[in-house]
Every structure is written in structure tokens, then in C-alpha cells.
Amino acid sequence: MDEGGSRIRRRVSLPKRNRPSLGCIFGAPTAAELEPGDEGKEEEEMVAENRRRKTAGVLPVEVQPLLLSDSPECLVLGGGDTNPDLLRRMPTDRGVGDQHNDSEVDMFGDYDSFTENSFIAQVDDLEQKYMQLPEHKKHATDFATENLCSESIKNKLSITTIGNLTELQTDKHTENQSGYEGVTIEPGADLLYDVPSSQALYFENLQNSSNDLGDHSMKERDWKSSSHNTVNEELPHNCIEQLQQNDESSSKVRTSSDMNRRKSIKDHLKSAMTGNAKAQTPIFSRSKQLKDTLLSEEINVAKKTIESSSNDLGPFYSLPSKVRDLYAQFKGIEKLYEWQHTCLTLNSVQERKNLIYSLPTSGGKTLVAEILMLQELLCCRKDVLMILPYVAIVQEKLHMIGEGSRGATLEMTLAKILYTSKTTQIIGMSATLNNVEDLQKFLQAEYYTSQFRPVELKEYLKINDTIYEVDSKAENGMTFSRLLNYKYSDTLKKMDPDHLVALVTEVIPNYSCLVFCPSKKNCENVAEMICKFLSKEYLKHKEKEKCEMIKNLKNIGNGNLCPVLKRTIPFGVAYHHSGLTSDERKLLEEAYSTGVLCLFTCTSTLAAGVNLPARRVILRAPYVAKEFLKRNQYKQMIGRAGRAGIDTIGESILILQEKDKQQVLELITKPLENCYSHLVQEFTKGIQTLFLSLIGLKIATNLDDICHFMNGTFFGVQQKILLKEKSLWEITVESLRYLTEKGLLQKDTIYKSEEEVQYNFHITKLGRASFKGTIDLAYCDILYRDLKKGLEGLVLESLLHLIYLTTPYDLVSQCNPDWMIYFRQFSQLSPAEQNVAAILGVSESFIGKKASGQAIRKKVDKDVVNRLYLSFVLYTLLKETNIWTVSEKFNMPRGYIQNLLTGAASFSSCVLHFCEELEEFWVYRALLVELTKKLTYCVKAELIPLMEVTGVLEGRAKQLYSAGYKSLMHLANANPEVLVRTIDHLSRRQAKQIVSSAKMLLHEKAEALQEEVEELLRLPSDLPGAVASSTDKA
């Protein structure tokens, strides 16, 4: 066929069923013609087609001139059995060539030249037979063809008149040939399931123009003079010869008018097919249409229900069944645990009351929270706030309300919600709770608890070579279990006195294991020690995946790899602690979850923050750093043992020395520690910050309201326990006096009567700046002084001075400078940078004396010296943009440096907001905007726009920039397929995510600019004369 003809053909599918003489054929391309991934689609489409045919029954399909669909299934109409030759000639090209669609020329080439089997040829033959009947010759200008199929055709086909679409009378000969009379189609019957929008439009146009088609002979004469020449001009030479032969053989039995009419049918069919081919319709498979229809029905039901008073949207805990299907598909959750069902059907949940529920770790608490949030979003159509102390959803770590500043922040947030909104529902969940009554009173909540664990947990203690099982019924809390049976050499005994190698090799590599260590350094040492004594057989376990993982670690480290991990990963072992970068931790956690790594040596932070369960959990010692384990910490660690759906049992083994035996026995038997408020204990981050925000947000502005608020806090609930010397009223008054003296609040005294006095408070400019910038009130006056001093001589020749001003104060106390490194860095400073140090009061001689160990008489502010050292680290990092090289240069863990960078970026943003509220610091505003960006992304300036896009980190940004994608606009207009081919190791899914994220960002920026334009063009409401003119018009 010619090129034009091949471009408009469609892929078609053939149902796998034996049906003689099909009148409606769905042809399938051969296996060689199928593109990868098409087989599954074909199978779905065949199933959907069978379902539709069963539903519709065997009804004759009224067919207008041949309608061609752009969907993957193409309707090919034929009068006999499937012609394999015809199917072989149907190409798999999906698209329609644009240049061939824009003209009215005959696009079909030799498509209708299959004289023996093509639809048009069979129409020709039927016309000839029809017109040879004497009683029908008089209907030459108003023809009709009905029931083309023979008696053996099960799926009948009828063609209505083109002239007026009315039911036609046929003679007995024609009726006998068809085998049955035409059936009237009910309007509701879905017989045109595959009809695309272009074809529906054709029906409408055809009906509108039906009255104009009565004078058929006139149009036939016009078609004869035009279309006959057009066909001969456009068809290839061999096709023309075939048509001429057909015409010669047909002329013996047909008149001239018959020929004219036959031409008109062909050209009319071609015209319809051309129109349909030009119309672009989306491609959907039948199965997708059916699924979408089902989902659409559920959504419609949901919408109707939302409009009514009920909140029930579906069968899955008031949610659509689609939610249940998604859980099954992506999380493998087919059925909820019994406790989950009970909890979700509690009256308190149904009535939207506040709820606290508590279960052991790994019990499935998060799933309940997710369902409750979806109910709120979909059923009640209300917003949901997720509070994430670590990584769990909602209030996973409710017990952390009693842990330092994090607990104080959590308490303040919950107290404000309870005070300001009576309709907000609070759901709190925790694995470890004891004095739950206090929390219930504070949150005004119902309580649900269960001891359910999906996997049984067995606790063991190891003393020397003996392992004991924890047994609450035993006299001393434990019973003998077994002796370790592992042959230890003298070398191994010295290296591994705790028998860790014996304990882990009972589990790995087929099962996973966690070893909790007291310190970060101990994690690394234990990992290396274990690998030294593992056999080489461990190297073969998932060897390919481990090599790929090492390669990925090098990529994210710009070619750098931790030497410890390089030695341990081949054995399936790695350490996990805060010294790793976030990217490293993510890769290691994914590898552990998929079984590539089978052993983690880790610190206690993993137990509190990361859901990485194991078959066996080993506690290296009953200590966290130098402090003895608390009951809550112990329960969190051992709670990681046992993986639901994978293990049938979980084991925990606590290794202890004889000297710690009594303390450990108390540890495993005593109740959980109580949870207490830290609102007053964390003075500047707690009660003072709370009062400043209450007054700043105008939640409570007078003394009485503030005291009333305090009575409703967790601290207020526990005041009798926590307050011994002072009352809550006294503490409130003292805190407000402190804030007033510090210049953050101003007190107004209102005398309501001679006896009654009311104290009102409002926030000052400094207080508002501190509040808006979320500055720790312990440092707000220091920050103000530093910024004020900086205005006197801000050094802008380098970034060092600005970086110093945005280095977090709270990290200074943790800093212990290496004085030799400090002196080396100081001596490399430029004159401008040395000037910064001099302005801050830190001299080179002072650092030199500290490095050499000499005595120093002159007093220097230690905090300033330490803060400058951290500024050197950040300054070097911004210049080199490589955490690894900076880590080596300053001998600091790369994870610590990353945390420092993250903290500095956050604090820089806080200082920016602080300065925005104080007019005197206007000069810092523009400077801090750019510095915050630099600290946030820590890459070269040209890469920052690319780093704003979701999924683009430094390495990817460099790849994109090198490939020519240098701006957000480049990415927004990129072709994902081209990105996949251009950028190494970029999947199609990632490419699509990058492009869509760039488009969204670009759209947001355009909207922001549009809002600015509208604001500029808007008529001011206070325009002089505007009110008067509007009054005159009225």
C-alpha cells in the first residue's frame, strides 16, 4: 500500500472465540506485530467485549456509513469469515499522519481494493444483486440495503437508508436471505459502545441533513463527475487496474445509473471514514472504561450522600470500595485485624469524639489512623492535620508529650486546638502509655487499648553463655532456656566476648536482625567485627543487588563511599545512626526492607523513628550512651521484633553483665514510666513561647483568660503533682512579668471599678518579630544585638559574616572545636574574612594559643568562638558543596554536617521573618532571601532553580544542567521520553514526575504574578472621590 494509506490504519483485536461468518469482526495483529505490553491490554479488551456482547444480546446493529474509531479496538465490518490476508495487511501504526489528515483527498489509497473480501466490494456485489430485482429498480435514487449477512450469521447486521433513516420495506426474497426481520432498537440499549465522539457527531450531522438528501439523483450526478476522477487519481496504478476490471465485469449486469450510485456509496463511506480519522479521541481499553464507570458510579453515590445528612459513602468503613482495593493492591492488606474493626466501629469514633488508642508496636495502629483521616477527608469533607514527632502518622508518639521541648511543643499545639475549636476531632495513638487518665482528661478523649500483636514476641536475657526466657510467672522473672552452642576460637572470644556472632548467625541471612548499640562508634565497630568472622558464603547472598547498592551509595556521595560500609555491605551488614546523611539512610533502609541487607547495627533512635522490624532484636547492653535503659525505651526496641506477614515469631535478646542483673530484672517487670508535662520545665521553649503566641494570635490577651487557658493544658491537669511551692496562677504571673521586662509584651492596666482591675497584654514589635520568626526566646535579645552590631560594619565581600549571623545558637553548646583544624582554617582566611573575625572579637593569636595548649589570660566569649567555628564549616560547605570533603576537612560526621546545614537554612529563614517585622533591619531582607536559598540547596547558584523541582537532588540537577535543561521553563516544557534517553539512570516515572512538578511550579509562579497584576490594576477602595461618585450614580 502507499504511504498515505498505511498512516490511517488502526490496531484491531480479535476475540478468541469460534463464531462462523462474523458480521462484526475485531481483528488482532499477529504476535510479531504486537508492541511490548499490548498482550495484557488485548486480553482485557477481549474480556470486556465478551461481557458487552452478553449484556447487549444478539441484536442487529444499525450501521451508518463505516465508522472508524481511534480507540485500540477498531471495528472492521465484513460479510464473511475473517480473512487472514486482510488481517496481515492491517498494520499496527496507532497514529494518523497529520499531513495526510488536513486535506480532502482520498487518504485510503488501495484500502478498498481487496475486491473479493473488502466491505466496499461486498456492498458493490449486494447492490448489484439488489438492483437486478425488477420490483426494486424503480428505487434507484432512494436505495436501502438491509441484513447483509447470510442465514448462518449469528451476529446480524443491518444498514439503514442514508436518505432519511426511516424503516424500509423489503421483499420476501431479501427477508428470506437474511433469515429474520429487523428488530427495533430501544433508545436505552448500549449498542454503540465503541462509538467515539467524532462518530456521535457524525450521527447528529447526518440526522440534521437527512431532509436535504432526498434529491439523491442530483448528488449522484455530482459525485459521478468528481469522485470517480478523484479515486482514479489517488489510487496506485495496480488498484486502478483492479477497479477498471471490476467496472468492466459489473457493466454487463448494471446500468449507467447503477454505476453512479455505487460510486456515491464508496465515496460517501470514504468521506465518513476520513472525518472520523481526522477526529482525535482518547484511547481507552474496555476494562479501563468499565473500571472508570464503576468508580464514577461510586463517586456519584458519594456526592449524593454528601448532599444528604449521612456521612456514609461506601461499604469500607464508610469509604468507597476503591479505598479497600487500593490497600489490597499497594499494601497487600486484604482484611483488617479484629481490634482494628472494633476500634473503627466504636461509638466514640462514629460520633467524632476525641480518641486515644494504645497497642504494642507493630499492631497496625497506623492503618486505623489512615482510615480515620480518609473518613474525615472524603466523608466529612474537612481538613486533617498530621502531627509527626518522627515519621509516624497523626499522634503515633503521643507518649512523647512528656519528652523535653518536643513534648512542650506538642502540648502547646494540642492545647490551642482544644481551646479554639470545639468541633475538631483529635485522634492520639501510642505504643507505650501508663498514666493514660491524665491524657484522657487533657484531650477530653475516650480510650481504647488492646494487647494484640500480629506476631508473638518472646523476650530473652543473655548472661555469659546462658540464655533465659523472660517469664512474669517465675519467681525471679526469668527461666532457663538454653546454652549457646557455638565453637569459639581464642581470637573470636577476645574480639566478641558477648557472642554476637553466634546470636546473629542463627538468623541471618535468611531472616533479618537488629543489633542495638549504646553509641554511634560502637555501631560501626560491631558491624565490622561481625563481618570479620562471617563465612564467605554470606558474600553470595543477593550479590548482584549488593553491588548495585554500593554503586548507588557512590552516586549520592559524588563518588565517595564510607570505608566501613564498603567492607560490611558485601556481607549484608550495615550500621545505622545519625552520622549518615539522609540519602544514605534512605538507601540503607530500602535495602534492609527488601532483604538485600539482613543485619543493622543501630542506635536507639531507630527504634523510635523508623519502622524496620526484624526476626530477632539484640540489645548490646542495657544502656543508651551512659544512661541505664528506661522501660519505655526497652519496650520500643524489642517491639521491632516480629514482622507481620513474614515471621511467625519475634525474638528479643538483652545482653547483660552480672553487675547489671538486678537492675535488668527490675526493668523487665516494672510498669511503664508515667508521662509528665514539660511546659514549665522547658521555660523559654515552653510556657513563655506559649504566652507570646496566645497574645500574638489574640487567643487570650488578659490575665484571666490566660489562666483559664493554662488550666486546660496537660500541665494544668497535672499541676497538683508538678507544683509543690508555687501555684499555677503565680507561675503565669511570673512568666508574663518576665516577657514584659524583656520587651516582648506590654501590659495595660484597666480599672473596671475601684476594686476590680483587669490586666491586658499586647505584643510589642520585638515580640511580634520573635513570634513571627519562631525564635527561641532564650536567644531573641542576643539575635537582636548581633543584627544591630552587624549594621555597624557588615562585611559583604564574602558570605562569612552573613553565615555567622544565621548559624543556629542552640548548636553552639554542642560544638567542641578541633583547635588545630580551627587554626589551619583561620590562617587561610582572606583579609576581608579576617576582618569578620576581628569584628566578632576572635583573634588569630587566641586560636593559635588554644591549638598549642598555651594558657590564655584574656577572656573571650566561648559561644562566639564556637559559633564562628561552625560558621567556618558552613562557609566551606557552600564554597565546595560537597559534604564528604568538608567532613574530612573538619573531622566531623557527614550526618552532623548535614544537620548543621539544615538547621542553618531553617534558622536563616527564621531570621528573615524576624527582620521583616523590624524596619531597622530592612537591609538584611534581600540578603537573607538569597542566603536561605543557598543554605537550603547547597549547590552552585546555577543549579538552584532546578533543585526547586520535586525529585531533583544535586546529582540529578547537574545531569539536567549538563544536558541543557538550565531553567524551570526548560523542564516544564521537556518531553519525558527525551529525558529518559538523555539522562542516565532516570526512569520514565521519575521523568514524568519531574516534568509535572516543573509545570506546577511554573503555573504557581505565573498565578502569583497574575495576582500582582490584578492587585496593581484594582481600583483602591479608599480612592478619594470614589464614594461620592458612586453616591451620585445612585
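Rules used in this analysis
Residues numbered from 1 in each chain as written. Predicted model: local features only at pLDDT ≥ 70, side-chain atom pairs only at ≥ 80, totals over all residues. Heavy atoms only, no water. Helix = DSSP H or I, 4+ residues; strand = E, 2+ residues; numbered from the N terminus. Areas by Shrake-Rupley, 256 points an atom, 1.4 Å probe, with all protein chains shown as cover. Core = buried A, V, L, I, M, F, W, Y, C linked by side-chain atoms within 4.5 Å. Buried < 20%, exposed > 50% of the residue type's maximum accessible area, 1.4 Å probe, protein only. Contact = heavy atoms within 4.5 Å. Lys, Arg positive; Asp, Glu negative; His and termini not counted. Salt bridge = Lys/Arg side-chain N within 4 Å of Asp/Glu carboxyl O. Disulfide = S-S within 2.5 Å. Axes fitted to C-alpha atoms, helices over the stretch in contact; angles between N-to-C directions. Left-handed = near helix turned anticlockwise from the far one by under 90°. Nonpolar A, V, L, I, M, F, W, Y, C, P; charged D, E, K, R; others polar. Pairing = 2+ DSSP bridges. pLDDT = per-residue confidence, 0-100. Patch = residues over 30% accessible without salt bridge, like charges linked within 9 Å, V, L, I, M, F, W, Y side chains within 5 Å. Charge placed at Lys NZ, Arg CZ, Asp CG, Glu CD. 1 Å grid on protein atoms, 1.4 Å probe; cavity = no way out; pocket = protein on both sides within 12 Å on 5 of 7 lines; lining within 4 Å. Points joined across faces, edges and corners; volume = space filled by probe spheres on them. Expected span 1.5 Å × (residues − 1). Arc of directions from axis to C-beta. Polar contact = N/O pair within 3.5 Å; in protein donor to acceptor, adjacent residues only side chain to side chain. Phe/Tyr/Trp six-rings, centres within 6.5 Å; stacked < 30°, edge-to-face > 60°.

A. Layout of the overall build of the chain. Broken down by element type, the chain carries 49 helices and 19 strands. Summed over its atoms, the accessible surface of the chain is roughly 53,300 Å², and 51% of this surface lies on carbon and sulfur atoms.

B. Up close: the nonpolar core. Counting residues in hydrophobic clusters, the biggest one holds 102 residues, and the most contacted among them are Phe 691, Leu 787, Tyr 822, Phe 826, Leu 868 and Phe 914. What Tyr 822 contacts, discounting residues up to four positions off in sequence, is Pro 817, Val 842, Ile 847, Val 865, Leu 868, Tyr 869 and Phe 872. Judged by nonpolar contacts, the second largest core, of 71 residues, contains Ile 467, Val 504, Leu 561 and Val 664.

C. Expanded view of the side chain of Arg 631. Along the chain, Arg 631 turns up in helix H27 (residues 631-638). Despite being buried, Arg 631 has no salt bridge partner; Glu 459 is the closest side chain of opposite charge, sitting 5.2 Å away. Apart from residues lying up to four places away in sequence, Arg 631 is in contact with Leu 667, Ile 668, Thr 669, Lys 670, Pro 671, Leu 672 and Glu 673.

D. Representation of the state of the cysteines. This structure, assessed with the given rule, holds 0 disulfides. Cys 379 takes part in no disulfide bond, and the closest cysteine sulfur to it belongs to Cys 380, at a distance of 6.1 Å. With relative accessibility at 6%, the residue Cys 379 sits in the buried group.

E. Looking closely at the pattern of salt bridges. In total, this model carries 23 salt bridges according to the counting rule given. Between Arg 352 and Glu 376 there is a salt bridge, with its nearest N and O atoms 2.4 Å apart. Note that Arg 352 is positioned in the loop between helix H15 (347-350) and strand E5 (354-358) and Glu 376 in helix H16 (residues 365-379), a separation of 24 residues in sequence. With a relative accessible area of 10%, Glu 376 lands in the buried category. Among the salt bridges present, the one from Glu 920 reaches Lys 788, with a minimum N-O distance of 2.7 Å. One end of the pair, Glu 920, is in the loop between helix H42 (894-916) and helix H43 (922-937); the other, Lys 788, is in helix H35 (residues 780-792), with 132 residues separating them in the sequence. Residue classification places Lys 788 among the partly exposed residues on the basis of a relative accessible area of 38%.

F. Spotlight on the packing of helix H13 (residues 321-331) against H16. The geometry of H13 relative to H16 is characterised by a closest axis approach of 13 Å and an angle of 145° between their N-to-C directions. Considering only the axes of H13 and H16, their crossing is right-handed. Of H16, the residues touching H13 (which contributes Val 323, Tyr 327 and Lys 331) are Leu 367, Glu 370, Ile 371, Leu 374 and Leu 378. Of the residues assigned to the contact of H13 with H16, the class counts are 6 nonpolar, no polar and 2 charged.

G. Spotlight on the pairing of strand E6 (residues 427-430). The alternating pattern of E6 places Ile 427 and Met 429 on one face and Gly 428 and Ser 430 on the opposite face, and all of these are buried. Relative to E6, E5 runs parallel, the two being bridged by 4 bridges. Among the inter-strand pairings, Ile 356 is bridged to a residue of E6, identified as Gly 428.

H. Representation of the confidence of the model for the chain within the structure. Summarising the model, the chain shows a mean pLDDT of 75, and 66% of its residues fall at 70 or more. Predicted confidence is poor over residues 209-263, with pLDDT under 50, and the contacts of this stretch with residues over four places away or in other chains come to 62 contacts. Taken together, the stretch residues 277-284 has pLDDT below 50 and engages in 20 contacts with residues farther than four places along the chain or on a different chain.

I. Local environment of the packing of helix H37 (residues 819-827) against helix H40 (residues 862-880). At a minimum axis separation of 11 Å, H37 and H40 run at an interaxial angle of 65°. Between H37 and H40 lies a crossing of left-handed hand. In contact with Trp 819, Ile 821, Tyr 822, Gln 825 and Phe 826 of H37, H40 contributes Val 865, Leu 868, Tyr 869, Phe 872 and Thr 876. The residue inventory of the contact of H37 with H40, partitioned by class, reads 8 nonpolar, 2 polar and no charged.

J. Summary view of the sheet that holds strand E7 (residues 445-449). Read across the sheet, 3 strands follow the order E6-E5-E7 without closing on themselves; strand pairing throughout is parallel. At either margin of the open sheet sits one strand with a lone partner, and together these are E6 and E7. Sheet twist, expressed as the average angle between the axes of neighbouring strands with direction ignored, equals 15°. Sheet strands touched by H16: E5 and E6. Its angle to E6, the strand with the most contacts, is close to 170°.

K. Quick look at a negative patch on the surface. On the surface, Glu 1004, Glu 1007, Glu 1011, Glu 1012 and Glu 1014 cluster together to form a negatively charged patch. Within the secondary structure, Glu 1007 sits in helix H48 (residues 988-1017). Accessibility expressed as a relative area gives 40% for Glu 1007, which makes it partly exposed.

L. Examining the layout of surface pockets more closely. Estimated volume of the second largest pocket: approximately 1,600 Å³. Ile 556, Asp 583, Leu 953, Glu 954 and Gly 955 are, among the 44 residues lining the second largest pocket, the residues nearest its centre. At the level of elements, helix H23 (543-556), helix H25 (582-593), helix H41 (883-890), H42, H43, helix H45 (954-962) and H48 are the ones that each hand at least two residues to the lining of the second largest pocket. Taken together, the residues of the lining of the second largest pocket break down into 15 nonpolar, 18 polar and 11 charged.

M. Spatial organisation of helix H21 (residues 520-532). With 13 residues, H21 should cover 18 Å at 1.5 Å per step; its first-to-last C-alpha distance of 19 Å lies within 8% of that length. Packed against the buried residues of H21 are helix H19 (490-495), helix H20 (500-505), strand E11 (513-516), helix H24 (563-568), strand E12 (573-576) and strand E13 (599-602).

N. Molecular detail of the sheet that holds E11. Taken in spatial order, the 8 strands line up as E10-E9-E8-E17-E14-E11-E13-E12 in an open sheet, and their pairing is mixed. Unpaired on one side and paired on the other, strand E10 (478-483) and E12 mark the two borders of the sheet. For this sheet, the mean angle separating the axes of adjacent strands, direction not counted, is 25°. With 4 bridges joining them, strand E14 (residues 616-619) and strand E17 (residues 649-656) adopt parallel strand pairing. Of the residues in E17, the one forming a bridge with Val 617 is Ser 652.

O. Looking closely at H41. Burial in H41 covers these residues: Ile 883, Trp 884, Val 886, Ser 887 and Phe 890. Buried residues of H41, viewed axially, fall in a sector of 165°; they line one side. Against the buried residues of H41 lie H25, H37, H40 and H42. Between the side-chain oxygen of the N-cap and the backbone nitrogen of Trp 884 there are 2.9 Å, and the N-cap of H41 in question is Asn 882.

P. Layout of the environment of Leu 561. By secondary structure assignment, the location of Leu 561 is in the loop between H23 and H24. For Leu 561 and Ile 550, which are 11 residues apart along the polypeptide, the C-alpha to C-alpha distance reads 7.9 Å. Once residues lying within four places of it in the same chain are set aside, the contact partners of Leu 561 are Ile 550, Leu 553, Lys 554, Lys 566 and Trp 884.

Q. Just the packing of aromatic side chains, in detail. Applying the stated criterion across every chain, the model contains 21 aromatic pairs. Arranged with centres 5.7 Å apart and planes meeting at 35°, the rings of Phe 442 and Phe 714 form a pair that is tilted. Highlighted residues: Phe 442 in helix H18 (residues 436-443) and Phe 714 in helix H31 (residues 714-717), separated in sequence by 272 residues. With respect to burial, Phe 442 and Phe 714 carry one shared label: buried.

R. Structural context of unusual backbone geometry. Cis geometry is found at the peptide bond from Ile 508 to Pro 509, where omega equals 5°. Examined against the element boundaries, Pro 509 turns out to sit in the loop between H20 and E11. The backbone of Arg 352 sits at a positive phi, close to 60°, despite the residue not being glycine. Positive phi is not limited to glycine here, since Ala 625 has a value of about 60°. You can see Ala 625 is positioned in the loop between strand E15 (623-624) and strand E16 (627-628).

S. Just the side chain of Ser 871, in detail. Here Ser 871 lies in helix H40. Owing to a relative accessible area of 0%, Ser 871 belongs among the buried residues under this scheme. A polar atom in the side chain of Ser 871 sits 3.1 Å from the side chain of Thr 807. The contacts of Ser 871, once residues within four sequence positions are left out, are Leu 800, Ile 803, Tyr 804 and Thr 807.

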